[in-house]
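# Descriptive analysis of the structure
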Amino acid sequence: MRQHFSLTGAIAGDNDSRSAELASVSRRNWLKTAAAFSGLALTVGPSGLVLAADAASAAKFGGAAMSGGLVDDVLAFVAIGSDGLVTIVAHRSEMGQGVRTSLPMVVADELGADWAQVRVVQADANEAKYGNQDTDGSRSMRHSFKPMRHIGATARLMLESVAAARWNVPVDQVKALNHEVVHAASGRRLGFAALAQDAAKLAVPARENIRLKAADELRYIGKTSTRGIDLKNIVTGNTQYGIDTRLDGMLYAVIARPPVFGGKLVSVDKTAALKVPGVLQVIELAGSPPPAMFNPLGGVAVLASNTWAAIKGREALKIVWDDGPNAAYDSAAFRLSLQELVRKPAKAARDQGTVVSVLAASKKTLSAEYYLPHLAHATMEAPAATARIVDGKCEVWACVQAPQATVNTIAQHLKYKPEQVTVHVTLLGGGFGRKSKPDFAVEAALLSQAMKGAPVKVTWTREDDLQHDYLHTVSMERLEAALGPDGMPNAWLHRTAAPTIASTFAAGANQQQPFELAMSAINVPFAIPHIRVEVPEVAAHARIGWFRSVSNIPHAFAIQSFVAELAHAAKRDHKTYLLDLLGPARKIDPASMGDKFNYGESPERYPVDIGRMRNVIEVACAKAGWGRKLPKGRGLGLAVSYSFVSYVAVVIEVDINAKGELSIPMVDMVIDCGPLINPDRIRSQLEGACIMGISLAMSGEISFKNGRVEQSNFHQYEVLRAMAAPKEIRTHLIPNSLEVELGGVGEPATPPIAPALCNAIFAASGKRIRNLPVRDQISKA
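Residues numbered from 1 in each chain as written. Predicted model: local features only at pLDDT ≥ 70, side-chain atom pairs only at ≥ 80, totals over all residues. Heavy atoms only, no water.

### Brief notes about the overall build of the chain
Applicable threshold: For helices the rule is a DSSP run of H or I covering at least 4 residues; for strands it is a run of E covering at least 2, with both sets numbered from the N terminus onward. Summary of the burial criterion: residues with accessible area below 20% of their type's maximum are buried, those above 50% are exposed, and those between are partly exposed, where the area comes from a 1.4 Å probe applied to protein chains only. Only heavy atoms matter for contacts: two residues are in contact if any of them lie within 4.5 Å across the pair. Residue burial considers only the protein chains on display, and all accessible areas are found by Shrake-Rupley using a 1.4 Å probe.
Of regular secondary structure, the chain possesses 20 helices and 31 strands. Seen along its three principal axes, the alpha-carbon backbone of the chain occupies a region of about 85 × 75 × 55 Å. Among the 781 residues that make up the chain, the fraction classed as buried is 62%. Restricting to contacts in the chain with at least 6 residues of sequence separation, those with at least 24 account for 78%. Working note: accessible area of the chain is about 29300 Å², and carbon and sulfur atoms make up 52% of it.

### Section: the pattern of salt bridges
Note the threshold: The working definition used for a salt bridge is a side-chain nitrogen of Lys or Arg within 4 Å of a carboxyl oxygen of Asp or Glu.
Taken as a whole, this structure holds 41 salt bridges when the rule is applied. A salt bridge links D439 to R543; its shortest N-O distance comes to 3.2 Å. Of this pair, D439 sits in helix α13 (residues 439–450) while R543 is found in the loop between β23 (530–535) and α16 (552–569), placing the two residues 104 residues apart along the sequence. Like R543, D439 is buried.

### As for the sheet that holds strand β8 (residues 180–183)
Selection rule: Note on pairing: DSSP must find at least two bridges between two strands before they are called paired. Axes here refer to lines fitted to C-alpha atoms; in helices the fit is confined to the stretch in contact. Angles between the N-to-C directions go from 0 to 180 degrees.
Pairing in this open sheet of three strands is antiparallel, and the strands run β7-β8-β9 from one edge to the other. Because the sheet does not close on itself, it has two edges, and the strands there are β7 (174–177) and β9 (188–191). For this sheet the average axis-to-axis angle between neighbouring strands, irrespective of direction, equals 25°. One ladder, built from four bridges, connects β8 with β9; its direction is antiparallel. Residue pairing in the sheet places V181 in a bridge with L190 of β9. Of the strands in this sheet, β7, β8 and β9 touch helix α6 (residues 192–199), which is tilted by about 70° from β9.

### Let's talk about the confidence of the model for the chain
Our working rule: pLDDT is defined as a per-residue confidence score from the predictor, taking values between 0 and 100.
In this model, the chain carries a mean pLDDT of 93, and residues with pLDDT of at least 70 account for 92%. Considering only residues more than four positions removed or in separate chains, one finds that residues 1–5, a stretch of pLDDT under 50, has 17 contacts. Below a pLDDT of 50 lies the segment residues 8–58, which in the model reaches 119 contacts outside its immediate sequence neighbourhood of four places, other chains included.

### Considering the sheet that holds strand β20 (residues 456–459)
Pairing is mixed in the open sheet, where seven strands are placed in the order β12-β13-β10-β20-β17-β18-β19. The sheet is open, and its two borders are formed by β12 (279–285) and β19 (421–425), each paired with just one other strand. Neighbour-to-neighbour, the strand axes of the sheet open up by a mean angle of 25°, direction not taken into account. Direction of pairing for strand β17 (residues 384–390) relative to β20: antiparallel, over a ladder of four bridges. Looking at β20, one finds that A384 is bridged to T459. Its contacts with the sheet put helix α12 (residues 403–414) on β17, β18 (393–398) and β19, and the angle it makes with β19 is roughly 145°. Of the strands in this sheet, β10 (251–256), β12, β13 (299–304), β17, β18 and β20 are in contact with α13, which crosses β17 at around 35°.

### What to know about the pairing of β7
Burial along β7 is one-sided: the face carrying V174 and A176 is buried and the face carrying K175 and L177 is not. Inspection of the sheet shows β7 paired to β8 by four bridges, in the antiparallel sense. Along β8, the bridge assignment pairs A176 with V181.

### Some details on the environment of V260
With respect to the secondary-structure elements, V260 resides in the loop between β10 and β11 (264–269). With a relative accessible area of 2%, V260 lands in the buried category. For V260 and Y329, which are 69 residues apart along the polypeptide, the C-alpha to C-alpha distance reads 8.9 Å. Other than its neighbours up to four places away in sequence, V260 contacts D323, N326, A327, N706, G707 and R708.

### Some thoughts on the packing of aromatic side chains
The way to describe two aromatic rings as a pair is by their centre distance and the angle between their planes. Rule in force here: Classification of ring pairs uses Phe, Tyr and Trp, with its six-membered ring standing for Trp, and accepts pairs whose centres are within 6.5 Å; under 30 degrees between planes counts as stacked, over 60 as edge-to-face, and the remaining range as tilted. Definition used: whenever NZ (Lys) or CZ (Arg) falls within 6 Å of the ring centre and also within 35 degrees of the ring normal, the charge is taken to sit over that ring.
Applying the stated criterion across every chain yields a total of 14 aromatic pairs. Summarising the aromatic geometry, the rings of Y329 and F704 are spaced 4.7 Å apart at their centres and angled 40° between planes, so their arrangement reads as tilted. Residue Y329 is found in the loop between β14 (318–322) and α10 (331–342), and its partner F704 is found in strand β29 (residues 704–705); the two are separated by 375 residues along the sequence. For the pair shown, Y329 and F704 are each scored as buried. Between W492 and F526, the aromatic rings sit 5.4 Å apart at their centres with planes inclined by 75°, giving edge-to-face as the arrangement. Taken together, the residues span a long stretch of sequence, with W492 in strand β22 (residues 489–497) and F526 in the loop between α15 (514–517) and β23 at a distance of 34 residues. In this arrangement the basic side chain of R543 is found over the ring face of Y470, its NZ or CZ atom lying 3.9 Å from the centre.

### Overview of the side chain of H374
As a reminder of what qualifies: Nitrogen and oxygen atoms within 3.5 Å of one another constitute a polar contact, given that in protein one can donate a hydrogen and the other can accept it, and given that sequence-neighbouring residues count only through two side-chain atoms.
Looking at where H374 falls in the secondary structure, it is placed in the loop between β16 (365–372) and β17. Among the polar contacts listed, one links the side chain of H374 to the backbone nitrogen of V474, at a separation of 3.5 Å. Sequence-distant contacts of H374, that is, excluding residues within four places in its chain, are made with Y329, L471, H472, T473, V474, I544, E701, I702 and F704.

So this is what it looks like as C-alpha cells:
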C-alpha cells in the first residue's frame, strides 16, 4: 500500500473547518461577493451603486485584491508519496480551458518533476487554505503563475536540502532534475521517493531563500509537449462532471420555476404528478424577491427515483403563476426604447475635450447604431448539483466556478455557518460565467434539507438552462464622429444603453457600472482630441450576469464596426485607417481615459500599450494576406480588441455565394497575452473563442414576449454547426519573455470576432450588418 509522506498538512478533499469572514450575509457583503470577479467591490454611495476599490485592499491589485487573496504555501498544494508520485492540488475549476493541467504544470516544472509521475486532485472550496478560487475574468494563470512557481521551487529546495545533507555537500551543488536530485560532481542521485519522508519533516524555507528557475531550465512552461492531465479520462468517460454524481439512496429532482423573472407561485395541483411512476414527492420552493443575487428562483420541485420520472412529473403539474412586475417584458418594444435612449443626451462617463460643440460645428459627421440581443451561456453541460446533509453538515458536489460563493450562499439559505458546508468541485462541461452563480447548488441543498438530509441531485434541462439563465445583457450602441478634411475623426461620441449586471445585486441599479464601461467603451485608445461616452439609465427585466468577455462584446462590435465604416467613408484602407486612428506606439495610463478598473490590475504594470496593439494588427493582416485580390463574393474583415489586459487582432475571410449563403474559408487570430505558459491551451482557447464568437454573431439571440423567454432549445437558440464552422483557423502567438506581465487568454479573443465577421461581409457583399444576429440579413435586399 502506497503511503503519503506529505509536504502538505492535508490533501484536497479534506473537511478542515475554517473561520469565515463572511459571517454576515448582509446586502453589502453580497454585493462584494458578486463583484469579486473584478477584484473590486460593489458599494452603495450617495449617488447609488458604484464600483470602487475595497477599502481594505485599496492599494492592492491583481490576485492580492481578490477575496481570499493569493496563497503560495507548499503545504497546501503539494504532496509526494512513498512511491515518488507527486500530487498537486488544482484550486481553480476546470471547464475545458486546461487549468487543471496548466497550473499544476507550472508547479511540476519548478519542482523538477516528471510529468508522467504527477497526479492532480481538485480542491474543495476552501478560500482560507488555497486563496481565491474564482475561475473567471481570464485570470487563473495571470494571478496564480507566480504563486505556483514559488510553490514548486519551495518543494524543490526542500528535496534538494535533504539530498545535500545526506551527501554532506552544499545545497547549491545539487539539483532536482526529472524526479531525481542529482549531485553532478559525484554522479550520485536520489529519486523523490527516497527523499520525500525526510523533506516533509523540514520547516518551510524562508521566502528569500527560494530561487526560481531561469527560462532555459524550464521543461514544461512555454513548451507544447505537455499532455493534458485529464485528456485520457475525458475521452474514455472516466471523469466526473456535475451531472455525473451518484450517491446511495439519491433522489432526482427537476424544478418548475416561475416563467417570468420576479414571478411567484400562486397555486399548484400535484395530483397528476404524484401518479407518475417513479415520482416520490412534490415540494414547493420559496422564491427570492429581486434582486436575484445567487438565489434560487423558487417554484415547484418534483423528486423521483430517476430524472425522467421527475421530468414527466413536472409536466403533469398544474400551476398558476403570478407573473409579477416583468410580465410585459417584450424584446421588440424594449429594443425601440433603447434606440430612443441612445438618440438623446445622457450622463457622461468620459468627457474629454468639447465633443458636443465640435459635433455641432462640424461640416461632416457620420453616425451609426448597433444592436445586440440577450445571449445565453448554453454550456454543453447544463447546471447540475447534488447535496446531502448528515449530522448537521451539508456536502455538495457541483460544477461551479465560484466555490466559496457557493459555500456562503448555501450556508445563508440553510441557516448554517459556512464551516458546516463542504463543496466538492467537479469538472464543468463549460462555464462561460454561468456557473459562477450557484443558484442550482442552493436548490439541491434546500431540497436535501426538505427531505431530511437525503441526497438529492438537481438537474437543469436545456429548456431550464435557456429560460432561466443569468443572461448576457441586451444593448444598443450609438456612435457619432465629426470628421476632418482627411476623413479622420476629431470628435467621438459613444452612447451605450444596456441593463447592468449590478441589477442582479442591487434593486434599482439602472446604469452600466465603471467596470462594464471599462470594457472597450470609455477606454477607447484612439488618438482623437475630443471623446465623450454617455450612459443612459436602463432598467433590467431579467437576470443579468457576466458572460465570456462581458461588455466587451457589444462595445467592441460597435466600435470596430464603426471604424470600418469611417474608413469606407474616407475611401481609405481599413487597416491603414485603424493604425492611424490608434496613433503612434505609446503607453497610456488607463486612468487618463477614465478607466480605474483595468481588470483589477495595476495601471503601472498594465498600461494600455498601443505598440502591442498595432503589432497584433500588423501580424494578423500579414498572415491573412491583407490587400490581396479576391474573387467576387469574397472579402476580408479586420477587428482588434484590448480586453483582460491582452491584445487580440482577427482577420476573417468570408465567401458569399449568389444565394447569399456564407462560408468562412479562413480565420487568422493573433494574441499578445504576455508569456506563453501553455501554448497548446492558448491556441485551443483562441479556436474556441472563434467558434463561439461566430456562433453568437450568426444566430445567438434570446428574446422575450410577455415576460417569457421565447427560445426553449437548440432548434431556436442555434449554436454553430460543424458544417458552418471556419474551414481553417490559424492562431498566431506573440512571444514574450517571462519578465513581461501575463494577460488573460480565455476571453480576449471573443470580442473582435463579430466585428471582423461583419466587416468581411461588407467587403464581400456591400451589405452592412449593424444588428446581430446576422442570420439571413445577407440575402435580404
